[in-house]
Amino acid sequence: QVQLVESGGGLVQAGGSLRLSCAGSGSIFSLGAMGWYRLAPGKQRELVASITSDGATNYAASVKGRFTISRDNAKNTIYLQMTNLKPEDTAVYYCNANLSLNPLYPNVDYWGQGTQVTVSS
C-alpha cells in the first residue's frame with residue numbers, strides 16, 4: 001500500500017508564499033519522477049512543476065521564477081516553494097509520483113488526495 005500525503009496548502013494574500021510538501025509512504029521499490037499538478041475550477045489540470053530522481057526540474061511557464069520544486073530522496077518527499085503568489089494560482093494542487101512497488105513490475109503513476117491553495121487579491 002502506497003500513499004502520497006500532501007500538506008501545506010491554505011489561504012494567502014497575493015504576493016505571499018506557501019510551501020507544499022508531498023511524502024510518499026509504503027513499500028516503494030523504485031521512485032522515479034515526481035511532480036505537482038493543479039486543477040482550478042473551469043480549467044484543465046496542468047503540470048506545475050516536476051523533478052526527476054536525479055534532480056532535473058521542469059516548470060510551467062506561468063510559475064517559472066516564482067515556484068521552486070525540490071526533492072529529498074531519503075524521505076521520498078518533494079516540496080513546492082511558492083512565492084509571489086497570484087490569484088490565478090488558486091487551485092487544488094495534486095502530488096504525482098511515478099513509482100514501482102516491485103522489481104518485477106514497471107513504474108506507474110500514483111496521486112495524492114490534493115491540497116487547496118487559495119490566493120486572495
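Our structure is the block above this text.
Described below are features of the structure shown in this document. (Residues numbered from 1 in each chain as written. Predicted model: local features only at pLDDT ≥ 70, side-chain atom pairs only at ≥ 80, totals over all residues. Heavy atoms only, no water.)

**Side note on the sheet that holds strand β1 (residues 3-7)**
Read from one edge of the open sheet, 4 strands run β1-β3-β8-β7, paired in antiparallel fashion. Both edges of this open sheet fall to β1 and β7 (67-72), since each of them pairs with a single strand only. Across this sheet, the average inter-strand angle for adjacent strands is 15°, counted without regard to direction. In this structure, β1 lies alongside strand β3 (residues 18-25), joined through 5 bridges in antiparallel fashion. By the bridge assignment, Q3 is partnered in β3 with S25. (Pairing = 2+ DSSP bridges. Helix = DSSP H or I, 4+ residues; strand = E, 2+ residues; numbered from the N terminus. Axes fitted to C-alpha atoms, helices over the stretch in contact; angles between N-to-C directions.)

**Digging into the packing of aromatic side chains**
Following the criterion strictly, the structure yields 1 aromatic pair and no others. Its guanidinium or amino end placed over the ring of Y37, R45 lies 5.3 Å from that ring's centre, counting from NZ or CZ. (Phe/Tyr/Trp six-rings, centres within 6.5 Å; stacked < 30°, edge-to-face > 60°. Lys NZ or Arg CZ within 6 Å of the ring centre and 35° of its normal.)

**Comments concerning the state of the cysteines**
Considering all chains together, one arrives at 1 disulfide under this definition. C22 shares a disulfide with C95; S-S distance 2.0 Å. Measuring the twist about the S-S bond at about -75°, one finds the C22-C95 disulfide to be left-handed. Here C22 is found in strand β3, whereas its partner C95 is found in strand β9 (residues 91-100), with 73 residues between them in sequence. Of the two residues examined, C22 and C95, each falls in the buried class. (Disulfide = S-S within 2.5 Å. Buried < 20%, exposed > 50% of the residue type's maximum accessible area, 1.4 Å probe, protein only.)

**Details of the nonpolar core**
Counting residues in hydrophobic clusters, the biggest one holds 30 residues, and the most contacted among them are W36, L80, M82 and Y93. Among the elements of the structure, β3, β4 (30-39), β5 (46-51), β7, β8 (77-82), β9 and β11 (115-120) are those that each provide at least two residues to this core. At 5 residues, β9 tops the list of elements feeding residues into this core. The residues touching Y93, leaving out its near neighbours within four places in the chain, are E6, L20, W36, Y37, R38, V48, F67, L80, M82, G114, T115 and V117. (Core = buried A, V, L, I, M, F, W, Y, C linked by side-chain atoms within 4.5 Å. Contact = heavy atoms within 4.5 Å.)

**Examining the pattern of salt bridges**
By the definition in use, this model includes 3 salt bridges. A salt bridge links R38 to D89, with the shortest nitrogen-to-oxygen separation between them at 3.0 Å. A residue pair is termed long-range when its members are at least 10 positions apart, and R38 in strand β4 and D89 in the loop between β8 and β9 qualify at 51 residues. Its relative accessible area of 6% is what places R38 among the buried residues. The salt bridge involving R66 is made with D89; its shortest N-O contact spans 2.7 Å. Within this pair, whereas R66 is found in the loop between β6 (57-59) and β7, its partner D89 is found in the loop between β8 and β9, the two being separated by 23 residues in sequence. Relative accessible area serves as the criterion here: at 9%, R66 is assigned to the buried category. The exposure class assigned to D89 is buried, which follows from its relative accessible area of 0%. Within the structure, one salt-bridge network assembled from shared partners comprises R38, E46, R66 and D89. (Salt bridge = Lys/Arg side-chain N within 4 Å of Asp/Glu carboxyl O.)

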